[in-house]
Amino acid sequence: MESDKPAKGYRTSQKSTGSSTAFKKIVHELHHAPGLVGGIVEKGFSSSGNGNSSTGIPSTIPLPRSTVLPFPVARHRSHGPHWAPLGSAPIEAEEGDMEEDKDETDYDPIATYANPIERKEKKPLDFSKWKEVVSQDGASLPQSNNVAKADAGRKREVKKSGVVNYEKNGNLPSSTSNSACKPEKDQLLSRELMNGRVTEKFTLTTEPKSMTSKLESEEADENGVGSASSISSIAAWTEKHSDSGDIEMSEANCYGSSSFMDDIDAENLSLLKNMSAEEISEAQTEILEKMNPSVLEMLKKRGQSKLRSRKVIGQGESDGRQKVSSIKPVDSGKSATTVDPSGARTSKIESNNSSWKSWSERVEKVRSLRFSLDGNLLGADSTHNILNGGGSKVGPYNAENVTERDLLRTEGDPAAAGYTINEAVALTRSMIPGQRAIALHLIVSILNKALCNLQQMDNDYHHVRGINPSDNLVDWQAVWAFALGPEPQMAISLRIALDDNHDSVVLNCVKAIQSILCFDMNENFFDFSEKSTASKKNTFTAPVFRSRPDIDGGFLHGGYWKYNTKSSNILPNNYKNNEDDENEGNRTIQDDIFVSEQDVAAGLIRMGILPRICCLLEMDPLAALEESLLSIVVAIARHSPTCADAVWKCPSLIQTVVKIFTKKGLVDPYPSQIKVVLLLKVLSEANKEICWDFVRCGLFRQVMWNWYKPFPSLEKWMESGRENCKLTSALMVQQLRLWKVCIQFGFCITYFTDFFTALCLWLGPPMFNKLISNNLLSEFTSITREAYLVLETLAEKLPTLHAGEQINNRSIGFSDDTSEAWSWNDVCPMVDLAVRWLQLRDIPYICSLTSDPKKNVNHLEFASISCIIWVISAALHMLCGVFHKLAPNIHDELDNKITSLPRLSQFVPNVGLNLVKNGFLNFSGSSKLVFEACSTETGSLVNLLCLLRQQGDLDVSLSSSSCLHALVQLALLIDDFVQRARNFNDTQSFSESMSGLHEKILNVGLIKSAHNELEEVLTMFMDVVSSKQLVLQSLEMFDRGGPAPGIGFGWGCCGGGFWSSKVLLAQTDAQLILSLLHNIPVIFENDQTQIKATESVSYQPDQMLTLERINSILQLSLLAGPGNETILEKAWDYLFQASVMKYLGSFVAQYFCRTKVSSSFDWHYGDEDYYLFSKMLDSHYKERWLIAKRKTISEMNSNNRYKTRRALETIQETEPHSEFSRDQSTNALMVEWAHQRLPLPMHWFLSAICIMGDARRISTCSPTDLDVAKSGLFFLLGLEVSSIYLCSSSAESPISGVPLIWKLHALSMALSQNMDVLMEEKSMNIFKTLQDIYGQHIDEKLQGFTNSLPEAQNNVRLEILNFQAIHDSYSTFVEHVAEQFCALSYGDIIYGRQVAVYLHRKVEPTIRLAMWNALSNLGGLELLPPIEKCIANAEGYLEPVEDREDILESYSKSWTSGILNKAALRGSISFTIASHHLSSFLFNTNSPEKVAFRNKLVKSLLRSHLQKPQDEAMLLSLVQYGLTTSEDPTHKSEATRRLAVLKEACGGNSSLVALLEKLDPSAYD
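This is a predicted model, so every value here is computed, not measured. Here the residue index of a chain counts from 1 through its sequence in written order. Per-residue local features of the predicted model are confined to residues with pLDDT of at least 70, and side-chain atom pairs are confined, for both listing and counting, to 80 or more; whole-chain, interface and lining totals are unaffected and use all residues. For the side-chain quantities, the full set of heavy atoms in the structure was used; hydrogens and water were omitted.

(A) Just the overall build of the protein chain, in detail. Helix and strand labels come from DSSP, where a helix needs a run of H or I of at least four residues and a strand needs a run of E of at least two; each type is numbered from the N terminus. Helices and strands together make up the secondary structure of the protein chain, namely 71 helices and eight strands. The long-range share in the protein chain, meaning contacts at least 24 apart out of those at least 6 apart in sequence, stands at 78%. For the protein chain, the accessible surface area stands at approximately 69200 Å², while carbon and sulfur atoms represent 51% of it. Residue contacts follow a heavy-atom distance rule, with two residues in contact if any of their heavy atoms lie within 4.5 Å. Note on areas: these come from Shrake-Rupley sampling with a 1.4 Å probe, and a residue is covered only by the protein chains present in the view.

In structure tokens:
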């Protein structure tokens, strides 16, 4: 008899009892309830209209059977979706249809309970250190491959009793009510806590209060074994539910099934179930008695530490969930997830466990965040019921069943629960094209949201601009890092989706790849870089990391950058050459995934994205898809030289791109043409050979087609329409930039005559009123700006006019006939057009603002002002380029070598007079010259540009700073020409020829006449730069350019990191300051005369001007990045002048006079010494930090061996010996981050001192290294003294920002190989003075520590002398220093002071223990100086009292071995430390936990003296330490108490008690 009882959502089958009939399958379905969310309704059919209401069988027309046609994607069909039409009745199929796919196997009894095949678990984020710290959290631990395979093959075993219960209720056990599930959750949670792990499943489903109660209950158990009450409750619950059947549970996390430990745990629980509470208590007591007390104590501590860490993690997760649940979904798309401000918020993130753990916890929180389809992050309140199955019949959503949510044929809102990033990636592999398209659209929305919010975030983590207060809690940096991390496997999913045959899926996939490569953000940065001319070269965008610091480099940070993945891994050998199938099989998908985890763009290239893009472009795609595909190729070409070469050599790709440019004819521009020109420009920048191939094959001429057919006039151009004008402007800008690249390589210079007519249309000032009325000012000025920048590049190819020297062809690998030169015949018309832009009174906005600088300007006017300033800046830069070629040796930086000029070109005074007449500079405030007729009545352009620089608009600020820099450069060149022409001609006749008022200003000098205004400009910009000294230092995370493996902006730093326009603005400001310092000396004029008498100099407030300039140069050094080596070279040229060294020496003399140190030693340095200091320091720092690394021939040959390898190559963190060169590449216009060191670390100036610790250099016995070290010590002392004066004037100094541990470490490095720096008296005195200064810093911090609040004392204690932050193996370095001290010092006090600082109580215990043990083993404890002669006060070495057992035991061993006997005779600090801490611990310890260890120490000390009676005085000194005088009434009682403590510790040992009784009683009197 057939059963008619329906079961909702599951199919049952019926069998025919007739022998002649075939088997028939009937599906039973419940009629769906109205408004049921998740139900599947067939459109156009009624589930109850034509059927019999009692039976549900249709009367005439049966309902259509639902079918799911799987899309042919590489996945198993069992992954779903699984559905049947709700409300449909059992349908009898025809026999013929049934017999086609007839299967005799009867699966019906278990079909109800069949689940989809579980996918193999993905490996989570690979945080190695994070796994060590939080290894208790089983939900976040990855499994090995073997375990994963074993777990994937296991199945849950369910007994019949459980099945019966399920059949009766009709629901899964997980869908029961909360009250019914609570005991089961509590039991499972208790089992997990006893096993030492809290799983992710319970973290998401258990209430925070229950979690807290469980943790508190375990914390209350002092024995660490588990209280009897908790075990009894578990046993009671197990007994209570034993009648319903036992369920063999799998591991309650996302990684697999039951393990061997779970089986043991289940057996233990079953035994406990049969035991009473008394029996459990007896068993616990018996176990405790059998265990060793020390082992039991160790287990207690370990259990408590695990519990504390587990509790912290649980509280962090619960806090995050509570804060997310407190906020409803908002339209802005930001969540309320809190961001832990610690860890990655410091100026320099150290790669230690705490910071890594903090960052990994932030990223791990992203796993549970759910996003809506538009990328907004949903609050937990809106998704709680759906996620936990409450209020609906739908199970929890996860990455495994995400495809079951049918968005196409489902009533309600299945997307209301949102999607996690893992679910979105899993949905991209659905069999339904609509789901794949929606998933990719969701990924695009999330990535774009993350990028936009990262751009709005400031470099300071605690300040976010432009977003709502409720949105500040979204950790978008962690969202971006998680999306590009190893767990979602985003790259391979997008690569699979790119092969889809549905246009909507491919389009969304391409947009996702474009977002993950950060094309728009990076191009915005490069556009600013092209306009600002702060650097002549762009930078490759590949992710990089620093090489690991080593001992030879002094552990200094700032090592060479390396690519995240090697070029051989990006393009494996079998990718380049078609090898046999056997070799191709060695390249696995896992290798592709591994490379994409290191570098997303590299992984995509390895997966063959370029041939696929070429194929899509050949299929004539849609305009939007075509433009996005070209954007991806551009982003890949900007990645690295290897990727640019891969794009160039990809078969048919360049040919296809060129066809796109010409396929619609050469009439009207369209967006794809702009991207094509941009791609050709980027490829040309990457390689000179590629650029030459473009020119040689005629591609350059073909791309520049519209320059051969210029517009007749601007009116015709404006009549073509605004949209056409925008496209034309963008296309012409990219064409001009491509031409500029070719000119920089020496190609296409002769094309100037062909493009001259078209250029003249854009070079002159236009009719501004028409452009403004048509809203085309920005488009016109963009073309004009780029045209003048091209002319500036052409000017660099001019031969030197007055020297008759032709251009020096420096083509590498090409013949000289490929390089060309520009003719002077074409220069004069261009100069005349540029001079027209200097007529400020004819230019709108500029004229009105100079007349009224305080005029209110709206946002639209700001945009127009910046456009015009950009053009003026470009014209000034072009004039500078022309003037540089007028004569050789015009600008001889610091040598002040001025040669004569036979003839002054006519446009030099013309340009100078225009600068004077049009109010570029203000000459009325000069202290020596007053030109009332030439003073600007309202304000100069310089004043206006300074005001605009201080505005918040980034484009306006950048254009103003760039224009100021060009103006100062041009004024310097004009003054040089006039001065040199006056030297050649008769001075009087030359002055008479320039008799006019404006000519007099030109004769005196523009810079000299406007000296006061320029000094104000210098002061303002130094203040601006001082606020950005850490702008680059705060960006590296764990010695990486950013936390994510994206490219450029995709490195994931807040605000863009190194790829922020703010960094570009800071570098432009730095160039302006250096230009001003060329004619405004670093040493203030009033200080020049005072330097001559250093001993009589007293502190004057005016001296702060010079100190501020020196401080500003130090800050500029921290702003230089790749390609900005000229900034550092100029800054160090000014900083390491002999006059600056002499000025620092005068400040040191002042310091000695104030501290009364000058009487103790002589301080006299001559001019020769200062010159030697400047020479040594300048050459060392440029060699150490500016020289790029290049591979040697042997390394290049070794790379050829890799061609035969099949495995991925490993990037070594240590640096092999290589050759070095100042230029990274002479064959490209793009700079690599790899193979260079910039930006500098904060402690870069310490490298001169650390050079003495480099074993490789010491082996060469270079005499200059000692001179460099001595110069470095002098320079460091000068900086420290100057920082003291700056701090007294509330000014910040980059020297004070360097942690004290680095400075002390540098002094230790100077002595780690030899004592040569202490052999000279002056260097020795400088060394001792530095130690005294740092000792004062330690005491000041300790004073602040004692006065701080108790909750802040722990942080202060860790920040004083945490040497372990320098390097993980710093203890090894300390041992090496101890060896050198024992072998070389012979008790030298200065050397001993440096060694003894590692015994300070604010040093980490591991470092103190390593130093003590090393000195003890080598017999060097007696060589240490007395405590009153050590660095810092004695209190820092003695307080607080030592409580670590390992250190106290080490003190005891040194005491009992007799090593401290000589130290006691010499009064060494080692004896004082050991006596103080041992005595304080033995006689003042009241903790019961320490009694056993105290007794152990007492017995050890007494046994030692029992064997060595002659050491009775040592024992007496230990007992008497700290006792008051005998006249004190408490003296005798305290002595008696100490003796009683020792006797009690003897434990009844008669020999030890007798030893104590033999001691002289008078010793205690």
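(B) Inspection of the state of the cysteines at higher detail. Working definition: a disulfide is two cysteine sulfur atoms within 2.5 Å of each other. This structure, assessed with the given rule, holds zero disulfides. Not engaged in a disulfide, the cysteine cysteine 615 finds its nearest cysteine sulfur in cysteine 614; these two sulfurs lie 7.5 Å apart.

(C) Structural detail: the confidence of the model for the protein chain. Scored from 0 to 100, pLDDT reflects the predictor's confidence in each residue. On average, residues of the protein chain score 75 in pLDDT, and 66% of them reach the 70 mark or higher. Taken as a whole, residues 66–107 scores under 50 in pLDDT and shows 83 contacts with residues more than four places along the chain or in a different chain. Every residue in residues 1214–1223 scores below 50 in pLDDT, and together they form 31 contacts with partners more than four places removed in sequence or on other chains.

(D) Summary view of the side chain of histidine 1243. Inspection of the secondary structure assignment puts histidine 1243 in the loop between β8 (1230–1231) and α55 (1247–1250). Burial classification: accessible surface area is computed with a 1.4 Å probe over protein chains only, and a residue below 20% of its type maximum counts as buried, one above 50% as exposed, and the rest as partly exposed. The buried category is assigned to histidine 1243, whose relative accessible area is 4%. Histidine 1243 has contacts with Leu556, His557, Val1298 and Trp1302, leaving out every residue within four places of it along the chain.

(E) Region of interest: the environment of glycine 434. As for its placement among the helices and strands, glycine 434 is situated in helix α16 (residues 433–456). For the pair glycine 434 and valine 505, spaced 71 residues apart in sequence, the C-alpha separation works out to 7.9 Å.

(F) Representation of the pattern of salt bridges within the structure. When a carboxyl oxygen of Asp or Glu lies within 4 Å of a side-chain nitrogen of Lys or Arg, that pair is called a salt bridge. Tallied over the full model, the rule gives 41 salt bridges. One salt bridge connects arginine 696 with aspartate 693, and the closest N-O pair in it is separated by 2.3 Å. Of this pair, arginine 696 and aspartate 693 both sit in helix α31 (residues 688–696), separated by three residues, roughly a single helical turn. When its relative accessible area of 57% is taken as the criterion, arginine 696 is described as exposed. Members of the salt-bridge network, linked through shared partners, are Asp527, Lys531, Arg737, Arg785, Glu786 and Asp955.

(G) Focus on the packing of helix α51 (residues 1125–1135) against helix α53 (residues 1167–1185). The contact between α51 and α53 brings their axes to 10 Å, and the two run at 160 degrees. By the angle between their axes, α51 is roughly antiparallel relative to α53. Relative to α53, α51 is oriented so that their crossing is right-handed. Where α51 approaches α53, its residues Glu1129, Trp1132 and Asp1133 are matched on the opposing element by Asp1178, Tyr1181, Lys1182 and Trp1185. Axis lines are fitted through C-alpha atoms, for helices just across the contact stretch, and the angle between N-to-C directions can take any value from 0 to 180 degrees. Each angle is binned into one of four classes, with values under 35 degrees roughly parallel, values over 145 roughly antiparallel, values of 65 to 115 roughly perpendicular, and all other values oblique. Less than a right angle of anticlockwise turn of the near helix away from the far helix marks a crossing as left-handed, whereas a clockwise turn marks it as right-handed.

(H) Structural detail: the packing of aromatic side chains. Two rings from Phe, Tyr or Trp (for Trp, the six-membered ring) form a pair when their centres are within 6.5 Å of each other. A pair whose planes differ by under 30 degrees is stacked, one over 60 is edge-to-face, and the rest are tilted. Overall, the coordinates contain 50 aromatic pairs when judged by the stated rule. Between phenylalanine 883 and phenylalanine 907 the ring centres are 6.0 Å apart and the planes differ by 20 degrees, which places this aromatic pair in the stacked class. Taken together, the positions of phenylalanine 883 in helix α40 (residues 859–884) and phenylalanine 907 in helix α41 (residues 907–917) put the pair 24 residues apart, joining distant regions of the chain. In this pair, the class of phenylalanine 883 matches that of phenylalanine 907, namely buried.

(I) Examining the side chain of lysine 531 more closely. Looking at the secondary structure, you find lysine 531 in helix α20 (residues 519–532). With a relative accessible area of 10%, lysine 531 lands in the buried category. Residues in contact with lysine 531, not counting those within four places in the same chain, are Arg737, Arg785, Glu786, Trp870 and Asp955.

(J) Geometry of the nonpolar core. Trp739, Phe883 and Trp1244 are the most contacted members of the largest nonpolar core, which has 383 residues in total. Sort the elements by how many residues they give to this core and α40 lands first, with 14 residues. Apart from the residues lying within four places of it in its own chain, the contact partners of tryptophan 739 are Phe700, Met704, Cys748, Tyr751, Phe752, Phe755, Leu759 and Val790. Take the buried residues of types Ala, Val, Leu, Ile, Met, Phe, Trp, Tyr and Cys, join any two whose side-chain atoms come within 4.5 Å, and each joined set is a nonpolar core.

(K) The arrangement of the packing of α41 against helix α45 (residues 997–1004) in detail. Following both chains from N to C, one finds α41 and α45 inclined at 110 degrees, their axes separated by 10 Å at the closest point. The angle between the axes of α41 and α45 places the two elements in the roughly perpendicular class. For the pair α41 and α45, the crossing hand works out as right-handed. Touching Pro909, Gly912, Leu913, Val916 and Lys917 of α41 are His998, Glu999, Ile1001 and Leu1002, all from α45. Residue classes in the contact of α41 with α45 are distributed as five nonpolar, two polar and two charged. Charged means Asp, Glu, Lys or Arg here, nonpolar means Ala, Val, Leu, Ile, Met, Phe, Trp, Tyr, Cys or Pro, and polar covers whatever is left, Gly included.

(L) Layout of helix α69 (residues 1512–1520). Restricting attention to buried positions, one finds in α69 the residues Met1514, Leu1515, Leu1516, Leu1518 and Val1519. Packed against the buried residues of α69 are α65 (1445–1456), α66 (1460–1466), α67 (1469–1484), α68 (1491–1507) and α70 (1530–1545).

(M) Representation of helix α61 (residues 1370–1384) within the structure. By this rule, a helix spans an expected 1.5 Å times one less than how many residues it contains. Under the 1.5 Å per step criterion, the end-to-end length of α61 is 21 Å for 15 residues, consistent within 8% with the ideal 21 Å. Within the sequence span of α61, burial applies to Tyr1370, Phe1373, Val1374, Val1377, Ala1378, Gln1380 and Phe1381. Seen along its axis, α61 keeps its buried residues to an arc of 165 degrees; they face one direction. Looking at the buried side of α61, the elements it contacts are α58 (1300–1310), α62 (1389–1396) and α63 (1405–1418). Following α61 by one or two positions, tyrosine 1386 has its phi on the positive side, about 55 degrees. The arc in question is the one spanned by the directions pointing from the helix axis to the C-beta atoms.

(N) Region of the structure containing the environment of serine 547. Within the secondary structure layout, serine 547 lies in the loop between β4 (544–546) and β5 (561–563). The sequence separation of serine 547 and glycine 558 amounts to eleven residues, and the corresponding C-alpha distance is 8.1 Å.

(O) Structural detail: a nonpolar patch on the surface. Each patch groups residues whose relative accessible area exceeds 30% and which form no salt bridge, using 9 Å between like charges and 5 Å between nonpolar side chains of Val, Leu, Ile, Met, Phe, Trp and Tyr. Side chains of Val295, Met298 and Leu299 sit close together on the surface and give an oily, nonpolar patch of about 220 Å² of accessible area. Mapped onto the elements of the fold, methionine 298 is located in helix α12 (residues 293–325). By relative accessible area, methionine 298 is classed as partly exposed at 41%.

(P) Spatial organisation of the environment of alanine 623. As for its placement among the helices and strands, alanine 623 is situated in helix α27 (residues 623–637). Residue alanine 623 is classed as exposed on the basis of its relative accessible area, which comes to 52%. Expressed as a C-alpha distance, the spacing of alanine 623 and tyrosine 670, which sit 47 residues apart in the sequence, is 9.4 Å.

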